[in-house]
Amino acid sequence: MTRRTIYGPVPSWRFGRSLGIDVIVAPKTCSFDCIYCQLGKTINKIAEPSPNLCIDENDVLRDLEDYLLQIDLKSIDVITFSGCGEPTLNLNLKAIAKAIRKELPDFPFVILTNSSTLNIDSVRDALQEFDIVCVKLDAASDELFRRINRPANDVPSINGVLEGIKRFKEEFSGELRVQSMFLKTTYNFSNMNEEELSKLIEAVADIDPDVVQLCTPYRPASENFVMQASPGELIAICKKFRNYFARSRIWVFGLHDKRDVIVKWRDKSALEQKALSLLRRRPCRIVDISNALGINYSKAKFIADLLVEKGFAEMKFSNGEMFLRVKLPIC
Ligand code: SF4
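Keep in mind that this is a model prediction, so the values were computed, not measured.

**Student:** Hey, could you run me through the packing of aromatic side chains in this one?
**Tutor:** What characterises a pair of aromatic rings is the spacing of the ring centres plus the angle enclosed by the ring planes. A complete count under the given rule lists nine aromatic pairs for this structure. Note on phenylalanine 32 and phenylalanine 145: the rings are 5.6 Å apart at their centroids and 75 degrees apart in plane angle, and the pair reads as edge-to-face. Remark: phenylalanine 145 occurs in helix α4 (residues 142-149) and phenylalanine 32 occurs in the loop between β3 (29-30) and β4 (44-45); sequence separation between them is 113 residues. Comparing phenylalanine 32 with phenylalanine 145, the two get one shared label, buried. The interplanar angle of 75 degrees and the centroid separation of 6.4 Å between the aromatic rings of phenylalanine 182 and phenylalanine 241 together place this pair among those described as edge-to-face. Separated by 59 residues along the polypeptide, phenylalanine 182 in the loop between β8 (175-181) and β9 (183-185) and phenylalanine 241 in helix α7 (residues 231-241) bring together distant segments of the chain. In this structure phenylalanine 241 comes out as buried when scored by relative accessible area, which is 0%. Over the aromatic face of tryptophan 251 sits the side chain of arginine 177, whose NZ or CZ is 4.5 Å from the ring centroid.

**Student:** What exactly am I supposed to notice about the pattern of salt bridges here?
**Tutor:** Between side chains of opposite charge, a pair can form as their charged atoms come close. Across all of its chains, the model carries 24 salt bridges by this definition. One salt bridge in this structure joins aspartate 121 and arginine 167, with 3.7 Å as the shortest N-O distance. With aspartate 121 in helix α3 (residues 121-127) and arginine 167 in helix α5 (residues 158-171), this pair connects stretches of sequence that are 46 residues apart. Residue arginine 167 is classed as partly exposed on the basis of its relative accessible area, which comes to 41%. Between lysine 310 and glutamate 272 there is a salt bridge, and its shortest N-O distance comes to 2.8 Å. With lysine 310 in the loop between α10 (297-309) and β13 (313-318) and glutamate 272 in helix α8 (residues 271-281), this residue pair connects regions lying 38 residues apart in the sequence. Overall, lysine 310 belongs to the partly exposed group, its relative accessible area being 47%. By relative accessible area, glutamate 272 is classed as partly exposed at 22%. Beyond isolated ion pairs, a larger network of salt bridges with shared partners links Asp33, Lys41, Arg150 and Glu223.

Definitions and cut-offs
Residues numbered from 1 in each chain as written. Predicted model: local features only at pLDDT ≥ 70, side-chain atom pairs only at ≥ 80, totals over all residues. Heavy atoms only, no water. Phe/Tyr/Trp six-rings, centres within 6.5 Å; stacked < 30°, edge-to-face > 60°. Helix = DSSP H or I, 4+ residues; strand = E, 2+ residues; numbered from the N terminus. Buried < 20%, exposed > 50% of the residue type's maximum accessible area, 1.4 Å probe, protein only. Lys NZ or Arg CZ within 6 Å of the ring centre and 35° of its normal. Salt bridge = Lys/Arg side-chain N within 4 Å of Asp/Glu carboxyl O.

Given below as structure tokens:
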């Protein structure tokens with residue numbers, strides 16, 4: 001059986017072993033086309049939830065039933081809605097979250113959203129089903145927002161996006177996190193220069209989330225002109241956030257890392273497909289595959305080599321580490 005909507009558990013630096021729910025699936029559909037996206041270029045760029053995205057609760061429950069036969073649930077820390085695009089574009093999001101919650105009531109539910117749809121009432125309503133909502137904010141000036149996130153035409157301006165986030169915060173009783181991706185480019189624009197960084201920090205402080213996640217694109221990015229922030233630069237940025245947030249509310253990529261935890265599977269067959277399903281949602285290091293599949297490093301390396309040999313995947317060196325990623329078309 002081919003599972004389309006459930007993948008992982010994937011090793012996440014923020015959440016540990018994360019069982020992924022993909023309510024978008026192939027092809028990549030998003031309201032943004034971020035220059036650093038690990039999924040490559042956006043194929044369907046749409047601004048609002050669409051009836052054309054037809055994954056519903058029955059599709060996900062069918063996949064979940066099959067998945068639960070194979071995985072040891074002790075190997076999952078969290079259920080995360082994320083995948084081949086922006087999950088809030090699926091009109092069935094609320095029904096899907098409710099249905100899975102019935103099956104897996106004991107896990108925290110997390111969703112990663114790019115924030116562009118939070119001005120839509122039905123989206124904010126669907127997000128109430130989650131325990132942790134992680135919203136993206138990479139820039140607070142409209143020009144830089146457009147250069148980094150490359151939103152669809154009908155996505156609101158950055159001020160509209162910020163209004164949506166603040167409105168959601170007023171209505172939401174769970175944990176709100178803001179994630180910002182810090183980067184430089186060979187085209188000389190960046191969200192790390194003093195002016196843009198100050199605006200961004202003030203905007204995040206105005207939102208006043210429970211947690212701020214400071215990240216940098218450590219996996220291969222959609223555009224070659226994207227450059228990662230160094231650990232020292234991230235720490236300097238963190239210090240500036242400290243003017244507004246207590247240390248415990250700031251998570252910095254590289255300092256917090258929950259990735260290296262091993263997953264236990266009841267069924268160790270079809271490792272190649274499991275690895276491929278993982279890679280369709282994110283490029284991985286060999287050690288990530290080893291941990292996610294609960295196998296030793298050399299076995300993971302063997303599977304990686306096999307996928308490369310068969311033409312399904314390729315090795316890509318990014319920011320000092322070697323990643324395996326699926327070959328296009330992705331998702
Ligand atoms: S990083 Fe997220 S929001 Fe940006 S294009 Fe990729 S999937 Fe969409």
